[in-house]
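Chains, contacts and geometry: an overview
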Amino acid sequence: MALETVVAAGGGEAQKKNRIQVSSTKKPLFFYVNLAKRYIQQHNEVELSALGMAITTVVTIAEILKNNGLAIEKKVLTSTVGMKDENSGSVVQKAKIEIVLGKSDKFDLLMNAANVSSPETASKDKE
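Rules and cut-offs
- Residues numbered from 1 in each chain as written.
- Predicted model: local features only at pLDDT ≥ 70, side-chain atom pairs only at ≥ 80, totals over all residues.
- Heavy atoms only, no water.
- Helix = DSSP H or I, 4+ residues; strand = E, 2+ residues; numbered from the N terminus.
- Buried < 20%, exposed > 50% of the residue type's maximum accessible area, 1.4 Å probe, protein only.
- Contact = heavy atoms within 4.5 Å.
- Areas by Shrake-Rupley, 256 points an atom, 1.4 Å probe, with all protein chains shown as cover.
- Pairing = 2+ DSSP bridges.
- Axes fitted to C-alpha atoms, helices over the stretch in contact; angles between N-to-C directions.
- Parallel < 35°, antiparallel > 145°, perpendicular 65-115°, else oblique.
- Left-handed = near helix turned anticlockwise from the far one by under 90°.
- Nonpolar A, V, L, I, M, F, W, Y, C, P; charged D, E, K, R; others polar.

1. Re the overall build of the protein chain
- Counting its secondary structure elements, the protein chain contains 4 helices and 4 strands.
- Listing each helix as α and each strand as β along the protein chain from the N terminus yields α-β-α-β-α-β-β-α.
- When each of the 127 residues of the protein chain is scored for burial, the buried share is 34%.
- Once local pairs closer than 6 in sequence are excluded, the contacts in the protein chain between residues at least 24 apart make up 68%.
- Only carbon and sulfur atoms are counted for the fraction: they give 52% of the accessible area of the protein chain, which is about 7,900 Å².

So, in structure tokens, the structure goes:
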């Protein structure tokens, strides 16, 4: 799908520092989950954005972060955007979603617990 690739590369609006434009074909799911965690840590919130078939990936990322207690849902926006199809030259309507997630109260505690448990497990394996 050349259309999604083009859209992800040139979204039309200025790139925000805490925005992740998700593609359903480019990166694995947990790449985006870990990137979102890092953005929440740095900016206290993250904006996940996707078009078309990548919408399900964005919803899954948001649900993973919420179900693990790392994020709270602040805003969900849906819309359609007109994109010019490279092949036919006609304007095609694409569904778009934007989900803004904020840092949960337990975020730092959970992230520290995850970082602490990793070295402990490694040292127990060595014994």
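2. Side note on the sheet that holds strand β1 (residues 19–22)
- Overall, mixed pairing links the 4 strands, which are arranged β1-β2-β4-β3 in an open sheet. Edge positions in the sheet fall to β1 and β3 (71–84), since each of these pairs with one other strand and no more. Pairs of neighbouring strands in the sheet enclose a mean axial angle of 20 degrees, with direction left out of account.
- Relative to strand β4 (residues 91–103), β3 runs antiparallel, the two sharing 13 bridges. Across the sheet, the residue bridging to T78 is I97, located in β4.
- Together, β1, β2 (45–51), β3 and β4 form the strand contacts of helix α3 (residues 55–67), whose direction differs from that of β4 by roughly 10 degrees.

3. Here we look at the packing of helix α2 (residues 29–43) against α3
- Look at α2 against α3: their axes get within 10 Å of each other, and the N-to-C directions meet at 55 degrees. When the axis of α2 is compared with that of α3, the two are oblique. Handedness of the α2/α3 crossing: right-handed. Between α2 and α3, the contacting residues are L29, F30, Y32, V33, A36, K37 and I40 on the first element and T57, T60, I61, I64 and L65 on the second.
- Grouping the constituent residues of the contact of α2 with α3 by class yields 9 nonpolar, 2 polar and 1 charged.

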